[in-house]
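One-letter residues, chain by chain:
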Amino acid sequence: QPVSLTLRGSDDWNPQNFDNEVYGAVPMVRALGDSMNLATVNLGLALGVDQVADRLASLTGQPTENKYPSLLLGAEARSPLEVLSLYSTFASGGFHMSPKSVITVLDEHGTPLSRQPFSLVQQLEPEPTRAINRGLEVVMERGTGKTSRFSQLGTAGKTGTSDDYRDSWFAGYDNERLAVVWVGFDDNRPTGMTGATGALKVWDAIFTRLGVSPLPPPADSFETV
């Protein structure tokens, strides 16, 4: 349903779906797949913005700065590396491992001189993680990621588009690799691109070169409405 919130010290906040339509009650997986802002905001308000902010902080290890309703639509400054760290928990079945730019240092003979240790921490239970991953597969199969050449080949991902097309995001993974792409200008000028028309195209090019290892089929599937 439509949302209008009066926020202290600013104009009323009236989020809209991308197409400015109102669809009423929809399944959560459709809201995720089609990036339905109103359904997402209504759900987030029902849960509580503070709870969502705290959960994001616990999953990323970084404090959530924007503890206002716009957080529910992703209005939080994060680097691509930080977004990758978040999505890697989903891709790894609920286990978090901090990304590293250097894993091992070798000498001229290929002998390891030093090695960065890996530490796995379970942050999500298996059942909700499977639900998230299946939902992100639906994003690719039927939602905003369906223009990808890999949409029907066992991949999962999520597009992101900020107001006025300033930022184009895509986070996507197969059974072996995860990549996060951001397209934008340093001075915050509009790019004119959505997540699907900008960052997803770059992600497609990367995985065209690397190849795709399909995700295993889900034990239980569901239909979107």
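Presented here is an overview of the structure given in this document.

Cut-offs applied
Residues numbered from 1 in each chain as written. Predicted model: local features only at pLDDT ≥ 70, side-chain atom pairs only at ≥ 80, totals over all residues. Heavy atoms only, no water. Helix = DSSP H or I, 4+ residues; strand = E, 2+ residues; numbered from the N terminus. Rg over C-alpha atoms; globule rule 2.2 N^0.38 Å. Buried < 20%, exposed > 50% of the residue type's maximum accessible area, 1.4 Å probe, protein only. Contact = heavy atoms within 4.5 Å. Patch = residues over 30% accessible without salt bridge, like charges linked within 9 Å, V, L, I, M, F, W, Y side chains within 5 Å. Areas by Shrake-Rupley, 256 points an atom, 1.4 Å probe, with all protein chains shown as cover. Salt bridge = Lys/Arg side-chain N within 4 Å of Asp/Glu carboxyl O. Expected span 1.5 Å × (residues − 1). Arc of directions from axis to C-beta. Pairing = 2+ DSSP bridges. Core = buried A, V, L, I, M, F, W, Y, C linked by side-chain atoms within 4.5 Å.

Structural notes on the overall build of the protein chain
Looking only at helices and strands, the protein chain has six helices and seven strands in total. What you see in the protein chain, going N to C, is helices and strands ordered as α-α-α-α-β-β-β-β-α-β-β-β-α. The C-alpha radius of gyration of the protein chain comes to 19 Å, within 12% of the 17 Å expected for a compact globule of 225 residues. When each of the 225 residues of the protein chain is scored for burial, the buried share is 35%. Put simply, of all contacts in the protein chain between residues at least 6 apart along the chain, 52% involve residues at least 24 apart.

What about a nonpolar patch on the surface?
Together, Phe95, Met97, Ile103, Phe118 and Leu120 give the surface a local cluster of nonpolar side chains, amounting to about 460 Å² of exposed area. Summarising the element assignment, Met97 is placed in the loop between β1 (95–96) and β2 (104–106). Residue classification places Met97 among the partly exposed positions, given a relative accessible area of 30%.

Topic: helix α3 (residues 49–60)
Its twelve residues place the ends of α3 17 Å apart at the C-alpha level, agreeing with the 16 Å of an ideal helix rising 1.5 Å per residue. When α3 is considered as a whole, its buried residues turn out to be Val49, Ala53, Leu56, Leu59 and Thr60. Take α3 and look down its axis: the buried residues cluster within an arc of 130 degrees, on one side only. Looking at the buried side of α3, the elements it contacts are α2 (37–47), α4 (80–91) and β1. Two residues or fewer past α3, Gly61 is found with a positive phi of approximately 75 degrees.

Observations concerning the pairing of strand β7 (residues 178–184)
Summarising the sheet, strand β6 (residues 167–173) and β7 pair through seven bridges and their orientation is antiparallel. The residue of β7 that forms the bridge with Gly172 is Ala179. Connecting β6 to the antiparallel partner β7 that follows it, the hairpin turn spans four residues.

A few points about unusual backbone geometry
The phi dihedral of Asn20 is positive, around 65 degrees, even though this residue is not glycine. Mapped onto the fold, Asn20 is located in the segment before α1 (28–33). With a phi close to 60 degrees, Tyr165 is a non-glycine residue in the positive phi region. Counting through the fold element by element, Tyr165 comes out in the loop between β5 (156–161) and β6. Taking relative accessible area as the criterion, Tyr165 reaches 33% and is therefore assigned partly exposed.

Structural notes on the nonpolar core
Core analysis: the largest hydrophobic core is formed by 16 residues, its most contacted members being Leu86, Tyr87, Phe90, Leu136, Ala156 and Tyr173. Contributing elements (two or more residues each) for this core: α3, α4, α5 (126–142) and β6. It is α4 that provides the largest number of residues to this core, a total of four residues. Not counting the four nearest positions on each side in its chain, Leu86 is found in contact with Leu56, Leu59 and Thr60. Ranked by size, the runner-up nonpolar core spans ten residues in total, among them Met140, Ala199, Leu200 and Trp203.

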